[in-house]
Number of protein chains: 2
Amino acid sequence: MLKPGDAIGILGGGQLARMLALAAAPLGLDIHIFCPEPDSPAFRVAAGHVIASYSDEKALAEFAAQVSVVTYEFENVPAATAAFLAQRVPVLPGPRALAITQDRLSEKNFINEIGLATPGYLPVDDADMLVEAVAALGRPSVLKTRRMGYDGKGQAMIRPGTDLAEAWQSIGRQPAILEAFVPFEREISVLVARGQDGTVAAFDVCENVHRHHILASTLVPAALGPAASHVAIEHAARIATRLDYVGVLAVELFVGTDGSLLVNEIAPRVHNTGHWTLEACACSQFEQHIRAVAGWPLGASHRHADAVMENIIGAEADAWQALAKTGALNLYGKKQARPGRKMGHITRLKGQKGNKP
Amino acid sequence: MLKPGDAIGILGGGQLARMLALAAAPLGLDIHIFCPEPDSPAFRVAAGHVIASYSDEKALAEFAAQVSVVTYEFENVPAATAAFLAQRVPVLPGPRALAITQDRLSEKNFINEIGLATPGYLPVDDADMLVEAVAALGRPSVLKTRRMGYDGKGQAMIRPGTDLAEAWQSIGRQPAILEAFVPFEREISVLVARGQDGTVAAFDVCENVHRHHILASTLVPAALGPAASHVAIEHAARIATRLDYVGVLAVELFVGTDGSLLVNEIAPRVHNTGHWTLEACACSQFEQHIRAVAGWPLGASHRHADAVMENIIGAEADAWQALAKTGALNLYGKKQARPGRKMGHITRLKGQKGNKP
């Protein structure tokens, strides 16, 4: 168990690391960031930072020596990096959770192995396998690289008429999966925290709207009955427990038109769809993650208000003056507002006098 | 008006600067700290820091060049430091508010000049003036240095039998005031924010309990009728307006046994008695102060829960494990738990499911 004054290392220096650092401070815990990009947003709220490649073993060893535990803000941490660090200091969530969730095929296999349902999928390792998979799963379907995809990157929609050779080319001829296209009623997610003692604390189920493959908004509570909510939370808790997970984990699910729940994706980290917990819960997803990896007791996940979180994407951040008047603004300190880049978010609490401003 | 990416400089690197830095980050504003003490708590959550004396003009000039505005976490900023910085960059709250509030005599004169009441007081510049003042104000009364007093330091109680020469010696024969002792029903404080456009936003009146001259706990709402609460807030707003103040200001008042309100002290900064706003209000005192000095619109001061804040003093911080289970813990990252030192605080919200853990 970490004690006040101890330090947590975070791999990655983006907005999730930044919000983790802000949550660690009130617990008296210091944050050190390891990130290859200079001037990363999290550097400016951390006790220390290292700018180096994830393959720089000298830099990694020095980083490990400064901290009591290492965690990460993104699931694409190279396995060799995690293994190198884990020889020196605990890495949480553990290497197994990382290995499973950074590969779409192993992730979907795992989900099905523990008795939960996913959309149909087949592995695609070459152009011929793609032809066979499309024949089996039909069109429309979605070709996704097994590794390194996010915000719609590394994906190709297979529609009636799509040339399969071109699709295979477009994702870079990498190991991939083909997923059956699932008509769904809504997309939901469940954020759960699991402590080192195995305690699981779930946040309320929230509902997500994506635009251009990027999360646009999250609404809580989701328009879902109590029974389905209970099942969704039970699914997320099962995933966390079977992964022997420590930290916050996000599970994205599709709610079918018949009310069925299919697990779409697992993210072994704090997650964009949990940002509303900063304002609507006593203990946010960020504080829960810090508490979990520090070996502390988890905080309360209870929600005290309904909330809507909207992402601020690219040039939308130019309207910060107007935004600062209408809700709880959270800007990430990114210097350049490139198209599609998440620059911040804003949360509005409903039916509560304490809304900002 | 500062824009996201701009930097605010803070003089002082203690817990107040630390909590200001944590509030600035979500607004996309960077914080630079200037503080003579190495390893200050605020350094570890700031984009940059300077360790130098407040009289080091070279260091001050470099600091001023890095930031768009300078504010401070303590009222004892040397006048020469504030003046030197103010030639280079706006210093907020302004030098006049600082000059008035860092001298107990000028502060009490100011309060009376704007039509508000204080306990009786007389200036004491030498031993003879002390004898005369005690004759006029009676015993018990309190001898206080005009400058640099806090947490009971620089004070001597004049009781029946107290040797006046010894009392004068005990406070270091410095310019002082003698204050009449006021029997009071309770101590309250009002935190108000005033924006650059003159808008005033007040937090609800809270009630304070001191032990050994150090704040022990703050309770909100105060046990005060709506009329008296209204008057207390009006007093604080008048002080802020007449000082042409920008930022958060704390006004401590005594509530007499007859219900009368006497202004005890003004602090030109965020204040220990406003820490409950972190959990109980949408926009905390720290965010309000940052918004004000940045020239942004103020946030909402509405309170959404009743709260009790307790300070964690000295060795009480050793119980952090138990404390982490019972409320919203806020530790300040101080390495040594000296007796009387504020190490952190804990806030418990009442009647709200979302309480931690």
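Residues numbered from 1 in each chain as written. Chains lettered and ligands numbered in written order. Predicted model: local features only at pLDDT ≥ 70, side-chain atom pairs only at ≥ 80, totals over all residues.

S.K.: Quick question: what am I supposed to make of helix 1 (residues 15-24) of chain B here?
M.R.: An α-helical turn contains 3.6 residues, so a residue and the one three or four places further along point in the same direction. With respect to burial, helix 1 of chain B is a largely interior element, 10 of its 10 residues being buried. Those residues of helix 1 of chain B that sit buried are Gln15, Leu16, Ala17, Arg18, Met19, Leu20, Ala21, Leu22, Ala23 and Ala24 of chain B. Close packing links the buried residues of helix 1 of chain B with helix 1 (15-24) of chain A together with strand 1 (7-11), strand 2 (30-34), helix 10 (285-294) and strand 17 (342-350) of chain B. (Buried ≥ 20, exposed ≤ 12 C-beta atoms within 10 Å, placed from the backbone. Helix = DSSP H or I, 4+ residues; strand = E, 2+ residues; numbered from the N terminus. Contact = placed C-beta atoms within 7 Å.)

S.K.: Please clarify how the domain arrangement of chain A should be interpreted in this entry.
M.R.: Often the size quoted for an interface is simply the accessible area lost on bringing the parts together. You can read the domains of chain A as domain 1 (7-91), domain 2 (120-180) and domain 3 (184-350). The gap between the C-alpha centroids of domain 2 of chain A and domain 3 of chain A is 28 Å. (Domains from an automatic or database assignment.)

S.K.: What is the right way to read the relation of the copies chain B and chain A from this model?
M.R.: Each of the two chain copies can be generated from the other by rotation about an axis followed by a shift along it. When chain B is fitted onto chain A, the two copies agree to an RMSD of 0.0 Å after a turn of 180° and an axial shift of 0.0 Å. The operation mapping one copy onto its partner corresponds to a two-fold rotation axis. For chain B, the minimum C-alpha distance to the rotation axis belongs to Val45 of chain B and amounts to 2.0 Å. Comparing contact sets, 100% of the residues at the interface of chain B also lie at the interface in chain A, consistent with an isologous, same-surface contact. (Least-squares fit on C-alpha atoms with pLDDT ≥ 70 in both.)

S.K.: Looking at this structure, how should I read the sheet that holds strand 4 (residues 69-72) of chain B?
M.R.: Residues and elements named next belong to chain B. Within the open sheet, the four strands sit side by side as 3-2-1-4. Their pairing is parallel. Among the strands making up the open sheet, the edge pair consists of strand 3 (48-50) and strand 4. Between one strand axis and the next, the sheet turns by 25° as a mean value, whatever way the strands run. The pairing of strand 1 with strand 2 spans five bridges and is classified as parallel. Paired with Ile10 across the bridge in strand 2 is Ile33. In the packing of helix 2 (residues 57-66) onto the sheet, contacts are made with strand 1, strand 2, strand 3 and strand 4, and the angle to strand 3 comes to roughly 160°. (Pairing = 2+ DSSP bridges. Axes fitted to C-alpha atoms, helices over the stretch in contact; angles between N-to-C directions.)

S.K.: Whenever I open this one, the sheet that holds strand 7 (residues 155-158) of chain A confuses me. Can you help?
M.R.: The strands making up a sheet associate through backbone hydrogen bonding, with each pair oriented either parallel or antiparallel. Residue and element names in this part refer to chain A. Pairing within the open sheet is antiparallel, and its four strands lie in the order 5-8-6-7. The sheet is open, and its two borders are formed by strand 5 (121-124) and strand 7, each paired with just one other strand. Shown here is a sheet whose adjacent strand axes are inclined to one another by a mean of 20°, direction ignored. Helix-sheet contacts for helix 5 (residues 104-113) involve strand 5, strand 6 (141-145) and strand 8 (176-180), and the interaxial angle to strand 8 is about 50°.

S.K.: Would you mind going over the nonpolar core with me for this structure?
M.R.: In summary, soluble globular proteins display a tendency toward joint burial of nonpolar side chains. Counting 205 residues, the largest nonpolar core has Leu20 of chain A together with Leu20 of chain B as its most contacted members. With residues up to four places along the chain from it excluded, the contact list for Leu20 of chain A reads Ile10, Ile31, Glu73, Val270, Phe286, His289 and Ile290 of chain A. (Core = buried A, V, L, I, M, F, W, Y, C linked by C-beta atoms within 7 Å.)

S.K.: Mind showing me how you'd approach the interface of chain B and chain A here?
M.R.: Contact residues are listed per partner, giving 39 residues for chain B and 39 residues for chain A. Broken down by class, the residue content of the side of chain B that touches chain A amounts to 20 nonpolar, 11 polar and eight charged. (Nonpolar A, V, L, I, M, F, W, Y, C, P; charged D, E, K, R; others polar.)

S.K.: Sorry, what's going on with the pairing of strand 12 (residues 214-220) of chain A here?
M.R.: Looking down a regular strand, the side chains alternate between one sheet face and the other. Residues and elements named next belong to chain A. Where strand 11 (residues 206-211) lies against strand 12, five bridges are found, and the strand directions are antiparallel. Across the sheet, residue Val209 finds its bridge partner in strand 12, namely Ser217. Linking strand 11 to strand 12, which pair antiparallel, is a turn of two residues; within it His212 sits at a positive phi near 55°. Across four bridges, the pairing between strand 12 and strand 15 (residues 306-313) is antiparallel. By the bridge assignment, Thr218 is partnered in strand 15 with Met309.

S.K.: Could you clarify how one ought to interpret the environment of Ala136 of chain B in this entry?
M.R.: For Ala136 of chain B, the position within the fold is in helix 6 (residues 127-137). Through-space distance from the C-alpha of Ala136 of chain B to that of Phe84 of chain B is 41 Å; in sequence the pair is 52 residues apart.

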